[in-house]
Amino acid sequence: MESGMIAVDRWTEGSQLYFLTHLHADHTRGLSSTWARGPIFCSRITAKLFPFRFPDFNLSLLRVVEVGSWHTLSLVSLATGSPAVAEVMAIDAHHCPGSVMFLFRGEFGYLLYTGDFRWEITSEMANIGRSMLLNALNGSKVDVLYLDNTYCNPTYCFPSREVAAQQVIDIITSNPEHDIIIGIDTLGKEDLLLHISHVLKIKIWVWPERLRTMHLLGLPDIFTTKTSLTRIRAVPRYSFSIDTLKGLNAMRPTLGIMPSGLPWVMKPLEGEKSPSCSTFSDTFESRSKWPPNDGNRVDQNMRCVERFHQYIYSVPYSDHSCFPEIKEFVRLVQPLNMKGIVSLSSCYVDPVYYLSHLIRSNQPSHTTYSNLKREDVGKVKVKRESKMANSKA
DNA sequence: GCGATCAGCT
DNA sequence: CACAGCTGATCGC
């Protein structure tokens, strides 16, 4: 596609149309309330949350793209200067509320930009997205897949969010006398909190701004800002530390739960013992439903709950796809070429490195690191400059 | 003084 | 290490 026409999650000057996959801060860096570079296309939920995040934003620049139907885009061809038409379809990305993938079609062919996404093969919602995607493609091939490669490495393997949510429930019910704090961000993991509330018939404390977000999302009235009403609190992840938990435990017995796809949560403090990480099943054997105790051996790579600290559990609840899910998605889409959208990670890999057998054309000249030998690509560590998960087309 | 950007931290 | 994001310092207007 010609450069300078369409930008996704990228906010530098020089594009005609801008697209926002979801409202997490690492995808909005460069966006501000004073934005005037052009229209921004996003999902209805993202549009709803937008003014809360960017209070004085000129809302006439927002364009809602409904999920599941083609939306016509008016562009100017950079090559000829004449009007050009393209279309876009938003498809639910199941990453956080409002998150979508964008499928573009035009004279440039088909481009699919996943944004951050979770592709839970067993989930009913993913099946809807699957048929939506296949119907939209109608047999055509995706020319370039821009892929959420956050966990694009075979070492990343974790259960569905449904299973991980049950692990959280098990921790809470196994510790009836404990207060529980759960680390979350400004957006995302609402389903986990709703599930806990529903199963345990208990309200969930959130901080005031987060309560506003819950209301904007139209979620059930199970959230509160009164600490006296519940022993379960969802707190900002940045406020979540071993020291915080120690402080809380000086008052009342309190356990912290970190829902995360990462195999580690935080660096153990100097002199701290124990991050040898006993697994949840070591501690709570028979009560735990995970790993399943059905006589079969659990995949050694499948992460389970880890006790990182006397007071802290890490639960593999992830809003990004794990490696087998990414693989399944690429197999479904069968792109001609693909590029990772996350370029900063200690284990950053070009998705082509592990998944080249699933794309239709895997000539080295098409890969991001065409100058490297294939064996070297997986070891590339990208420089800090491109932390933004983005792409320009 | 304000917004934008960056350093540092979790 | 950093899924995402806060705070505070600094730069430029």
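Preceding this section is the structure that the text describes.
Note that the structure is predicted; figures quoted are calculated from it, not measured.

Undergrad: Report on the pairing of strand E13 (residues 232-236), specifying residues and quantitative values.
TA: When a strand is regular, its side chains alternate between the sheet's two faces. Of all 5 residues that make up E13, 5 are buried, and the element is covered over most of its length. Where strand E10 (residues 179-184) meets E13, 5 bridges bridge the pair, whose relative direction is parallel. Across the sheet, the residue bridging to Ile181 is Arg233, located in E13.

Undergrad: Tell me about the nonpolar core, and name the residues and values.
TA: Grouped together as the largest cluster of nonpolar side chains are 38 residues, with contacts concentrated most on Ile182, Leu193, Ile196, Ile204, Phe223, Ile232 and Ile257. Looking at this core, the element that brings in the most residues is helix H4 (residues 161-174), giving 6 residues. Discounting chain neighbours no more than four positions away, the residues touching Ile196 are Val168, Ile169, Ile172, Ile182, Lys201, Ile202, Ile204 and Ile232. Formed by 26 residues, the second largest nonpolar core is a distinct cluster that contains Met89, Ala136, Ile326 and Phe329.

Undergrad: Can you tell me about the pairing of E10, naming the residues and giving the values?
TA: Most of E10 is tucked away, with 6 of its 6 residues classed as buried. Burial of the side chains of E10 extends over both faces: Asp179, Ile181 and Gly183 are buried on one face and Ile180, Ile182 and Ile184 on the other. Note that E10 and strand E14 (residues 254-259) share 4 bridges and pair parallel. Bridged to Ile182 within E14 is Ile257.

Undergrad: Summarise the side chain of Ser160; cite the residues concerned and give the values.
TA: Summarising the element assignment, Ser160 is placed in the loop between strand E9 (144-147) and H4. Judged by its relative accessible area of 18%, Ser160 falls in the buried class. Setting aside anything within four residues of it in sequence, one finds Ser160 in contact with Arg118 and Glu120.

Rules behind the numbers
- Residues numbered from 1 in each chain as written.
- Chains lettered and ligands numbered in written order.
- Predicted model: local features only at pLDDT ≥ 70, side-chain atom pairs only at ≥ 80, totals over all residues.
- Heavy atoms only, no water.
- Buried < 20%, exposed > 50% of the residue type's maximum accessible area, 1.4 Å probe, protein only.
- Helix = DSSP H or I, 4+ residues; strand = E, 2+ residues; numbered from the N terminus.
- Pairing = 2+ DSSP bridges.
- Core = buried A, V, L, I, M, F, W, Y, C linked by side-chain atoms within 4.5 Å.
- Contact = heavy atoms within 4.5 Å.

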